[in-house]
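Descriptive structure summary
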Amino acid sequence: MNRFLKGLLAPLLAAAMSLAGAQMPQGPEVAARAYLLMDMTANQVLLEKDADAPVEPASLTKLMSAYLVFDALKSGKLALTQSLSVSERAWKMPGSRMFIDPKMQVPVDDLVKGMVVQSGNDATMALAEAVGGTAERFVQLMNAQAKALGMRNTVYKNPEGLAEPGHTTSARDLAILSTRLVRDFPEYLHYYSIKKYRYQGTPVANDTNRNLLLFRDPTVDGLKTGHTNAAGYCMVATARRDFPNLAGGRRLLSIVLGASSENARANESQKLLNWGYTAFEAVKLFDADQAVVTPPVWKGQENTLRLGRTEAVVVAVPAGGASRLKTDVARPDPLVAPFMKGQTVGTLKVMLDDQELAAVPLQVLEPVRQAGVLSRAWDAVRLWIK
């Protein structure tokens, strides 16, 4: 592999890039205002249209609300068995509802199901008030988290997604959020595959998940639907299909915004997912914790630095194109200790013919501490001569 002088690169999500510049398969016609298809296993965008255009998120807003709720659960601020009171504000929320009222004490586990499965605005408000203290403070947390995740085109005005001026996001930002939701909180993702749920004492007819793909495709396991008159019919769908060369399977994410009906958003999402699985193949280049390169290191207690990733390095390649892959490593030179485990040092560039297909940041797999004074002095002389 050749070496190029490069500085440190952005995090993995920021390094994910569109494949449109290479010799890519022709994508399907998708009847939606904006859409994006991402291979989450390879962290590559396979197809997109108007992915950065501002759109109303409708109930896709609840993906960020769930992110904050899951974070509160993980940190111990909330517990699934904990029961919450229902405020007047939560009870009177318009739109999709779980049908809870101030006479109830509702377990957090049920409120999460109400938010995710029933898309209940009342359940979302109850959780927002519990996490943020007030809905207004929760919205501040939502916007701070969006900024931290790199969602550049997103502004939240409320926790539930009802139409409000300035309440906007984009397909690309939804891809960033959905990817982090899946990776950061895998222990809570089972909520998104629940097909039917209702809280005791609430209407029986209000028990069905609006994600029609859960009932059509057994590989689909999430995530969320949304609809307002302005936003149209929207869906963020995830699917995981087994592949013999990939432990844990291959996960795709489709985002369809502004479809014409509930059935249309499901059909267009299914079309994108099926195309992604057939038009592209997943190629594993390196195993988890496998060194991609072991370049020399100076002034350290070790002579080499192991660079790779803690998860397998996988790329999505047009079907039949695996034999045309090439790789290069770009990294700083010289490498001078110390180096911490997990530190990003350079990148693995994956080329399809002459087009860059993916850029994967490389991390230090094992720390290298600084050597003693004499060893550092000797290496300083060697570097000067070099």
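Treat the numbers as computed from the prediction; the structure is a model and nothing was measured.

Observations regarding the overall build of the protein chain
When its secondary structure is counted, the protein chain shows 10 helices and 15 strands. For the protein chain, whose C-alpha radius of gyration is 23 Å, the value lies close to the compact-globule estimate of 21 Å for 386 residues. The buried share among the 386 residues of the protein chain stands at 53%. Of the contacts made within the protein chain by residues no fewer than 6 positions apart, 67% connect residues no fewer than 24 positions apart. Carbon and sulfur atoms provide 52% of the accessible area of the protein chain, an area that totals close to 16900 Å². Between the mean site of the 44 positive side-chain charges and the mean site of the 37 negative ones, the protein chain shows a separation of 3 Å.

A short note on the confidence of the model for the protein chain
Put simply, the protein chain has an average pLDDT of 91, and 94% of its residues get 70 or more. Taken together, the stretch residues 1-22 has pLDDT below 50 and engages in 63 contacts with residues farther than four places along the chain or on a different chain.

Topic: a nonpolar patch on the surface
A surface patch of nonpolar side chains, amounting to about 560 Å² of accessible area, comprises Trp378, Val381, Trp384 and Ile385. Counting through the fold element by element, Ile385 comes out in helix H10 (residues 373-385). The class for Ile385 is exposed, based on a relative accessible area of 63%.

Considerations on the nonpolar core
Among the nonpolar cores identified, the biggest contains 68 residues, and Met64, Phe70, Leu111, Tyr192 and Leu257 are the most heavily contacted of them. Only strand S2 (34-39), helix H2 (62-75), helix H4 (108-116), helix H5 (121-132), helix H6 (135-149), helix H7 (171-184), strand S7 (232-243) and strand S8 (246-259) provide two or more residues apiece to this core. Top element by residues in this core is H2. It accounts for nine residues. Beyond its immediate sequence surroundings of up to four residues, Leu257 is in contact with Ala32, Arg33, Ala34, Val55, Leu60, Ser170, Ala171, Leu174, Tyr233 and Cys234. Of all hydrophobic cores here, the second largest spans 28 residues; its members include Val30, Leu37, Val220 and Ala259.

Here we look at the packing of aromatic side chains
Any pair of aromatic rings gets described here by the distance separating the centres and the angle formed by the planes. A complete count under the given rule lists seven aromatic pairs for this structure. Here Phe243 and Tyr277 contribute two aromatic rings whose centre-to-centre distance is 6.1 Å and whose plane-to-plane angle is 20°, an arrangement assigned as stacked. In this pair, Phe243 is assigned in strand S7 and Tyr277 in helix H9 (residues 262-279), connecting sequence segments 34 residues apart. Judged by its relative accessible area of 7%, Tyr277 falls in the buried class. Between Trp275 and Phe280, the ring centres sit 5.4 Å apart and the planes meet at 80°, which makes this aromatic pair edge-to-face. Across this residue pair, the class does not change: Trp275 and Phe280 are buried. A network of ring pairs unites the aromatic residues Tyr67, Phe70, Phe185, Tyr188, Tyr191 and Tyr192 as a single cluster.

Structural notes on H9
Since there are 3.6 residues in each turn of an α-helix, residues three or four apart along the chain are aligned in direction. The end-to-end C-alpha distance of H9, which contains 18 residues, comes to 26 Å, matching closely the 26 Å that a straight helix rising 1.5 Å per residue would cover. For H9, the full list of buried residues reads Ala264, Arg265, Ala266, Glu268, Ser269, Gln270, Leu272, Leu273, Trp275, Gly276, Tyr277 and Ala279.

Focus: the sheet that holds S2
One open sheet accounts for five strands, arranged S3-S2-S8-S7-S6; its pairing is antiparallel. Each end of this open sheet is capped by a strand with a single partner; those strands are strand S3 (44-49) and strand S6 (220-228). Pairs of neighbouring strands in the sheet enclose a mean axial angle of 10°, with direction left out of account. As paired elements, S2 and S8 share six bridges and run antiparallel to each other.

Details of the environment of Gly320
With respect to the element layout, Gly320 can be found in the loop between strand S12 (313-318) and strand S13 (325-330). Owing to a relative accessible area of 60%, Gly320 belongs among the exposed residues under this scheme. A sequence separation of 39 residues divides Gly320 from Glu281, and the C-alpha atoms of the two residues are 7.8 Å apart.

Focus: H2
When the terminal C-alpha atoms of H2 are compared, their 20 Å separation across 14 residues agrees well with the 20 Å that a helix rising 1.5 Å per residue should span. Buried residues dominate H2, accounting for 11 of its 14 residues. Listed in full, the buried residues belonging to H2 are Lys62, Leu63, Met64, Ser65, Ala66, Tyr67, Leu68, Val69, Phe70, Ala72 and Leu73. Turning to H2, the residues buried within the fold contact H4, H5, H6, H7, S6 and S7.

Let's talk about the pairing of S2
Burial analysis of S2 places six of its six residues in the buried class, which makes it a mostly covered element. The two faces of S2 match: Ala34, Leu36 and Met38 on one face and Tyr35, Leu37 and Asp39 on the other face are all buried. With five bridges joining them, S2 and S3 adopt antiparallel strand pairing. Of the residues in S3, the one forming a bridge with Met38 is Val45. Here S2 folds back onto S3, and the loop between the two strands holds four residues, one of which, Asn43, carries a positive phi near 60°.

Quick notes on the packing of H2 against H4
The relative placement of two packed helices comes down to the angle between their axes together with the axis-to-axis distance. Viewed as axis vectors pointing N to C, H2 and H4 meet at an angle of 160°, and their least axial separation amounts to 11 Å. Overall, the two elements H2 and H4 adopt an arrangement that is roughly antiparallel. For the element pair H2 and H4, the recorded crossing hand is left-handed. Between H2 and H4, the contacting residues are Lys62, Ser65, Ala66, Val69, Phe70 and Leu73 on the first element and Val108, Val112 and Met115 on the second. Among the residues forming the contact of H2 with H4, the class breakdown is seven nonpolar, one polar and one charged.

Thresholds, definitions, all that
- Residues numbered from 1 in each chain as written.
- Predicted model: local features only at pLDDT ≥ 70, side-chain atom pairs only at ≥ 80, totals over all residues.
- Heavy atoms only, no water.
- Helix = DSSP H or I, 4+ residues; strand = E, 2+ residues; numbered from the N terminus.
- Rg over C-alpha atoms; globule rule 2.2 N^0.38 Å.
- Buried < 20%, exposed > 50% of the residue type's maximum accessible area, 1.4 Å probe, protein only.
- Contact = heavy atoms within 4.5 Å.
- Areas by Shrake-Rupley, 256 points an atom, 1.4 Å probe, with all protein chains shown as cover.
- Lys, Arg positive; Asp, Glu negative; His and termini not counted.
- Charge placed at Lys NZ, Arg CZ, Asp CG, Glu CD.
- pLDDT = per-residue confidence, 0-100.
- Patch = residues over 30% accessible without salt bridge, like charges linked within 9 Å, V, L, I, M, F, W, Y side chains within 5 Å.
- Salt bridge = Lys/Arg side-chain N within 4 Å of Asp/Glu carboxyl O.
- Core = buried A, V, L, I, M, F, W, Y, C linked by side-chain atoms within 4.5 Å.
- Phe/Tyr/Trp six-rings, centres within 6.5 Å; stacked < 30°, edge-to-face > 60°.
- Expected span 1.5 Å × (residues − 1).
- Pairing = 2+ DSSP bridges.
- Axes fitted to C-alpha atoms, helices over the stretch in contact; angles between N-to-C directions.
- Parallel < 35°, antiparallel > 145°, perpendicular 65-115°, else oblique.
- Left-handed = near helix turned anticlockwise from the far one by under 90°.
- Nonpolar A, V, L, I, M, F, W, Y, C, P; charged D, E, K, R; others polar.

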